[in-house]
Every structure is written in structure tokens, then in C-alpha cells.
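Each chain is listed here by its residues.
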Amino acid sequence: MTLAMTSRRHMLAAQSTVCAASLFALTTTLAAQDRLKTMPGYEQFTRMQTAVRGDPALKTGAIVATWSADGKSFEFTRDGKRQRFETASKKITPVAEATSAAGAGGGRGGRGGGGGGPERGRQVTEMLSPDSTLKATYRDRNLFVSAANGSNAQALTTDGSEEKRIKYGTASWVYGEELAQTTAFWWSPNNKYLGYYRFDESGVPDYYLQLGQTKLQSTIDTEAYPKSGVTNPVVDLLVYNPATRQSVKMDVRDGQPLDNSVIGHYVYKVGWTPDGQEITFNRTNRRQNVMEFTACSPDTGTCRVIVREEWLPSWTENRPFIQYLKDQKRFIWSSERTGFRNFYLYDMTGKLINPITTLGAEVANVVKVDEATNTMWYMARDGENHLKMQLHRVGLDGKGDKRLTDPTMHHTVSVSPDGRFFTDVAQTHDVAPVTRLIDASGKPVATVAETDRTAFDAAGFKPAELFTYTAADGTTPLFGLLHKPSNFDPAKKYPVLFSVYAGPATNGARETCLLYTSDAADE
């Protein structure tokens, strides 16, 4: 049997359960291990594996909708075939791949695209300016600017060196690994400036990693890595002006000397205001219980605080959600200041215009902002339990909040570009997903896809069991998932297996029926 626990524990899959998706992931790896055949239950594993891959194949009811630009139809792939659903006729027709409109309209809100990028913990090494006339390049711990084709390169910095442990245009390991900085230099959207990092790692001890341990000869990777109690790197932010060929240092710590308590010990999530007039970033102290969203003048280096977040007994969220509105003077901001994550509307002076959401539950992500109707669609954890995500629509003024989905189910949605409909993948940990078309009032319009679980029920897969237990404080309810073997015998005793991950906001128990889930059901 397998035990999975919310917030602190990830799910470790057991033998062949209805909602144990990891069976797929384990198949290839385990089959390659000769010892597998000698383990207890191998015959049952083989039988259930055959059922998973056999015929009739699984037909999941979870689909990923790609809306057309006009919102009158959406496309999806099911059973390996591309199909189109017309909202007016409610009919599904096959689509030739060559004429597929995939990517033409809106997809799911709040999800970034995949693709390539720098290695884990690292940053890109070159970037074109928005108008594609200039290129910034990192090389040998220094930063260069050249024409787009690489000619006429000019060194912005020259004192970056491995010996002095100074580097520009790249970041220390924790910035890439923990603070999600995949770039260490940033062009302004108006092409006038280039912001870039400077790191002084002279006080940071080295950490040594042995690489290639399965090879005949291993190698050593040396990383300036601060463990608890030792010195962190000193981070600075500079802005280069190609017109003047001069750089200005931003006063990221407001003139304060660097220590563990100063706000600006960490400087990250660097970007620009939409008009390119100020460079922005988040900054925090080493304990990370005070965080400030900050903007600086690229010409003078003077900085100002726009939003300040504090949670002194604990820590603040490192990277709150932010989305600028079209006027470039207002933005949506997420904060946990009430004990629950909610959305707020600010202007660029730092004035709080109004709370947008005031739920006594955790909001998750913004799905769609419609400034024409002054409304915002968002997901929140206010179903029957906090594992069940729900779709809401609310005015940007915080008025008229309405939940549009069934609170007994977990939902994943895709809103049409015109806001008239949304597709809804509804499921729970033991109820297989079904996809429906819902109108803007929350009324079901049509069923798009249902899960056929006949073959899996016949094979003997067992649903996962959701249970609750109390945290160590004696008050907080937590959730767990119990996965029993497909040949479970209640008269026998079984060991309970679970894995522990000590990070916050990790949930091993989920209200998604994982075996039947595509990307559409990701939270």
C-alpha cells in the first residue's frame, strides 16, 4: 500500500490502481531491471501492465482545448486524431493536421510554454534587443554588446575574472536554481537600455561536485555555493545605455551595506516596466520574511518601493504573480498577507486601488483578464476541499464574484477568447474525467468527451482512497491518498510506503484521477 500526504509528502505509486499514473512511468524503467522478475507480485504486475497497454485502449475524457481566435470553435486531440468542436452546432468533426488551427487562439491561462533554454541553474548567454539591432553576449565572466550579427563588439565590463571571483551577465547558482533567473541581462522594451547583473563571489566558499561517477574517470565541478551560516555573494544591478556607452549602478540596497537583514540581500525577478522607463525587481533579506517590489531609474540609479510584503514570523512569497493592464499604469498583484493568497489591483505609484478577490481560501492563477468588460477569470481552492480547484469570475473592482464550477469536483478550464464559453475537465481522485462545454454563466452546454473505463474496471484496478488526518499542531486537517494493490486482501497486512519532501506547498494527494489525466488536468 502507498501513502501520499499533502504539503509535505509526494505520492509513491503502488501496484496497479485506477488513479496511479506512475505505473506508466515505471513500466520502461522497471522492465529493464532483471531483479524485477524475482520480486513478489511480479506476475500480478505483468498482468496489470498488459491490461494498461492492451486493447481496448484507454479513452480518456480529459482533453486540451485550443480555441480559435473568434471563439466559435476549439480543437483537441483524442485517440490520436485531431478534432474540432463547433460551439454553435455542438458537433465534432475531424481535422486534417495540415489545416489544424492549433495555436491560433487562447489556450489555458497561467501556463508558460515549454521548449529549450539554459541548463539547470544557468542563464542564457546571448540576447537580441527587441528591435533586433543589437546583441548582448556573455563570455568569460564579462558582458559584451555588438551589432545583431556579432560585429563591432564592445566590452561593457572588463574586470570579471575567475581569479577575483567577479562575474557579469551571469548569476550565482542559487539565483538560477531557487530564484528562477534564466537570464542575467535584460533589454528594455523601448531598446534604450540593457540591465545586467554583477556578482562578487569572493567571500563564498566553493562546493565540489563529482561528475561522471559511472565512467572510468570522474571529473569535478566547482561551484561557489553558500551553505547556511556562510557568506552569500554580493549582487549588484547595472544598466547600460548604448547611446552614451555608459553604465549606471542601481542603488538596490538604498545605500545600506550588505548584511543578512538588509532588504536587497537578494535581488531577482528583474524586468522592466512596459514603457521601459524603469527597471524593476524583487528584493528581500536573507531570511526572506520581507519582500519589496522595486523600480529604479536607469539614468540615475535611484530606486523606489512599489509594493512591500511582510510575514515576519515566517517568510513571504518570493515571486508574487504580476500582470500589467493595458494602460501600463495599473497591475494585478498576488499576496498572502491575509493568510490566504488573493489578488489585488495596484497602480505604479504603489497605491492599492482595491482587493480583487477576498476569499477565505487560496486563489491559484489568473485564467483571463477582460478589460473590455472589466472582469477577471481565476482559479481558487474553494471546492469541497482545498484540493478541488474552481473557476471564478469577478470584476476588477472586486465586485460580483461568482463561482462557475461544481464544488464537488476538481476542474481544469480553458476560456474562449470572447469569454462566452469555457471547456471544463471535471474529475476527482476516484471519478474519471469528463470534458464539457460551459457557458459564461456556468451552465453546461454540451459534453465533449467522457472516459471509457470498462477495460480497466474489468482488469481489477482499484480506486485510490482519500482520507484526512490531523497535523502535528492538533488542529490543521491534511489529506492523504491510499493506493491499494490490485490484488489487495483485507485479511493480510501490508507495509505502507511513502516518500517525504520537506518543502512547502507540495501536494502528494490530489483530486485528479491520474491514470486518466492528460496535461489538461495539471494544476
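Right above here is the structure, for reference.
Asks: In this structure, what is going on with the overall build of the chain? I would like to understand it.
Replies: The helix and strand tally for the chain stands at 4 helices and 35 strands. Across the 523 residues that make up the chain, the buried fraction comes to 46%. Counting contacts in the chain only where the partners sit at least 6 residues apart, residues at least 24 apart contribute 51% of the total. When the accessible area of the chain is evaluated, it comes to approximately 25700 Å², of which 50% is carbon and sulfur surface.

Asks: Help me understand the pairing of strand E31 (residues 434-439), please; the structure alone is not making it clear to me.
Replies: Regular strands place side chains that alternate from one sheet face to the opposite one. Burial within E31 is extensive, with 5 of its 6 residues counted as buried. Sheet topology note: the strand E30 (residues 421-427)/E31 ladder contains 6 bridges and is antiparallel. Across the sheet, threonine 423 pairs through a bridge with leucine 437, a residue of E31. When E31 meets strand E32 (residues 444-450), the two strands line up antiparallel, connected through 5 bridges. Bridge pairing in E32 places isoleucine 438 opposite proline 444. Between the antiparallel neighbours E31 and E32 lie 4 residues, among them glycine 442 with a positive phi of about 95°.

Asks: Would you mind going over the sheet that holds strand E6 (residues 126-128) with me for this structure?
Replies: Read from one edge to the other, the open sheet built from 4 strands follows the order E6-E7-E8-E9, with strand pairing classed as antiparallel. The open sheet is flanked by E6 and strand E9 (154-155), the only strands paired with a single partner. Here E6 runs beside strand E7 (residues 134-139); their pairing, made up of 3 bridges, is antiparallel. Along E7, the bridge assignment pairs leucine 128 with lysine 135.

Asks: I would appreciate a short explanation of the state of the cysteines in the present structure.
Replies: What is meant by a disulfide is a covalent connection between two cysteines, made through their sulfur atoms. Scanning all chains against the criterion turns up 1 disulfide. Note on cysteine connectivity: cysteine 296 is disulfide-linked to cysteine 303, with sulfurs 2.0 Å apart. Disulfide cysteine 296-cysteine 303: torsion about the S-S bond near 100°, hence right-handed. Its relative accessible area of 0% is what places cysteine 296 among the buried residues.

Asks: Can you help me understand the packing of aromatic side chains in this one?
Replies: Given two aromatic rings, their pairing is described by the distance between the two centres and the angle made by the two planes. Applying the stated criterion to the full structure yields 22 aromatic pairs. Centroid distance phenylalanine 321 to phenylalanine 343: 5.8 Å. Interplanar angle 70°. Geometry classified as edge-to-face. Of this pair, phenylalanine 321 sits in the loop between strand E20 (303-310) and strand E21 (322-324) while phenylalanine 343 sits in strand E23 (residues 342-347), and the two are 22 residues apart along the sequence. Since its relative accessible area comes to 0%, phenylalanine 343 is described here as buried. Over the ring of phenylalanine 144 we find arginine 139; its NZ or CZ atom is 4.1 Å from the centre of that ring. Over the face of the ring belonging to tryptophan 377 we find arginine 393, whose NZ or CZ atom lies 5.1 Å from the ring centre.

Asks: What am I meant to see in the sheet that holds strand E24 (residues 352-355) here?
Replies: Each strand in a sheet pairs with another by means of backbone hydrogen bonds, the pair being arranged parallel or else antiparallel. In spatial order, the strands read E21-E22-E23-E24; together these 4 strands make up an open sheet with antiparallel pairing. Strands with a single pairing partner mark the edges of an open sheet, and in this sheet they are E21 and E24. Averaged over all neighbouring strand pairs, the angle between strand axes comes to 20°, with direction disregarded. Direction of pairing for E21 relative to strand E22 (residues 330-335): antiparallel, over a ladder of 3 bridges. Its bridge partner lying in E22, isoleucine 322 is registered against tryptophan 333.

Asks: Just to check I follow, could you spell out the pattern of salt bridges for this structure?
Replies: One side chain can pair with another of opposite charge once the charged atoms of both are near each other. Under the criterion given, the structure shown has 22 salt bridges. Glutamate 292 serves as the salt-bridge partner of arginine 283, at 2.9 Å between the closest nitrogen and oxygen. Of the residues examined, glutamate 292 reaches a relative accessible area of 6% and is grouped as buried. Among the salt bridges present, the one from lysine 484 reaches glutamate 465, with a minimum N-O distance of 3.0 Å. Taken as a pair, lysine 484 in the loop between strand E34 (477-483) and strand E35 (506-507) and glutamate 465 in strand E33 (residues 465-470) lie far apart in primary sequence, 19 residues in all. Judged by relative accessible area, lysine 484 falls into the buried class, the value being 18%. Members of the salt-bridge network, linked through shared partners, are Asp254, Arg283, Glu292, Arg308 and Glu310.

Asks: Just checking my understanding: could you explain unusual backbone geometry for this structure?
Replies: What you tend to see is this: most non-glycine residues have negative phi, and most peptide bonds are trans. The phi angle at glutamine 288 is positive, at roughly 65°, despite the residue not being glycine. By the secondary structure assignment, glutamine 288 is in the loop between strand E18 (279-284) and strand E19 (290-296). In this structure, asparagine 374 takes a positive phi of about 60° despite not being glycine. Residue position: asparagine 374 is located in the loop between strand E25 (363-370) and strand E26 (375-380). With a relative accessible area of 33%, asparagine 374 lands in the partly exposed category.

Asks: Any chance you could explain the nonpolar core here in plain terms?
Replies: Counting 32 residues, the largest nonpolar core has Tyr175, Tyr197, Leu237, Met250, Ile279, Phe281 and Phe331 as its most contacted members. Those elements that provide at least two residues to this core are strand E12 (194-200), strand E15 (234-241), strand E17 (266-272), E18, E19, E20, E22 and E23. Excluding anything up to four places from it in sequence, phenylalanine 281 contacts Leu237, Val252, Val267, Tyr268, Lys269, Val270, Glu292, Phe293, Thr294, Cys296 and Cys303. Judged by nonpolar contacts, the second largest core, of 15 residues, contains Ile332, Ile356, Val363 and Leu396.

Asks: Which parts of the structure should I look at to understand the pairing of E24?
Replies: Here E23 pairs with E24 via 3 bridges, running antiparallel. Its bridge partner lying in E24, tyrosine 346 is registered against leucine 352. Between E23 and E24, which pair antiparallel one after the other, the connecting turn spans 4 residues, and glycine 350 there sits at a positive phi close to 95°.

Asks: What's the story with the side chain of threonine 435 in this structure? I'm lost.
Replies: Tracing the backbone shows threonine 435 in strand E31. Here threonine 435 falls in the buried class, since its relative accessible area comes to 0%. In this structure the side chain of threonine 435 is engaged in a polar contact, spanning 2.5 Å, whose partner is the backbone oxygen of glycine 61. A polar side-chain atom of threonine 435 sits 3.4 Å from the main-chain amide nitrogen of isoleucine 63. In this view, threonine 435 contacts Gly61, Ala62, Ile63, Thr423, Asp424, Val425, Thr447, Val448 and Ala449; residues no more than four positions away in its chain are not counted.

Quick notes on the rules
Residues numbered from 1 in each chain as written. Predicted model: local features only at pLDDT ≥ 70, side-chain atom pairs only at ≥ 80, totals over all residues. Heavy atoms only, no water. Helix = DSSP H or I, 4+ residues; strand = E, 2+ residues; numbered from the N terminus. Buried < 20%, exposed > 50% of the residue type's maximum accessible area, 1.4 Å probe, protein only. Contact = heavy atoms within 4.5 Å. Areas by Shrake-Rupley, 256 points an atom, 1.4 Å probe, with all protein chains shown as cover. Pairing = 2+ DSSP bridges. Disulfide = S-S within 2.5 Å. Phe/Tyr/Trp six-rings, centres within 6.5 Å; stacked < 30°, edge-to-face > 60°. Lys NZ or Arg CZ within 6 Å of the ring centre and 35° of its normal. Axes fitted to C-alpha atoms, helices over the stretch in contact; angles between N-to-C directions. Salt bridge = Lys/Arg side-chain N within 4 Å of Asp/Glu carboxyl O. Core = buried A, V, L, I, M, F, W, Y, C linked by side-chain atoms within 4.5 Å. Polar contact = N/O pair within 3.5 Å; in protein donor to acceptor, adjacent residues only side chain to side chain.

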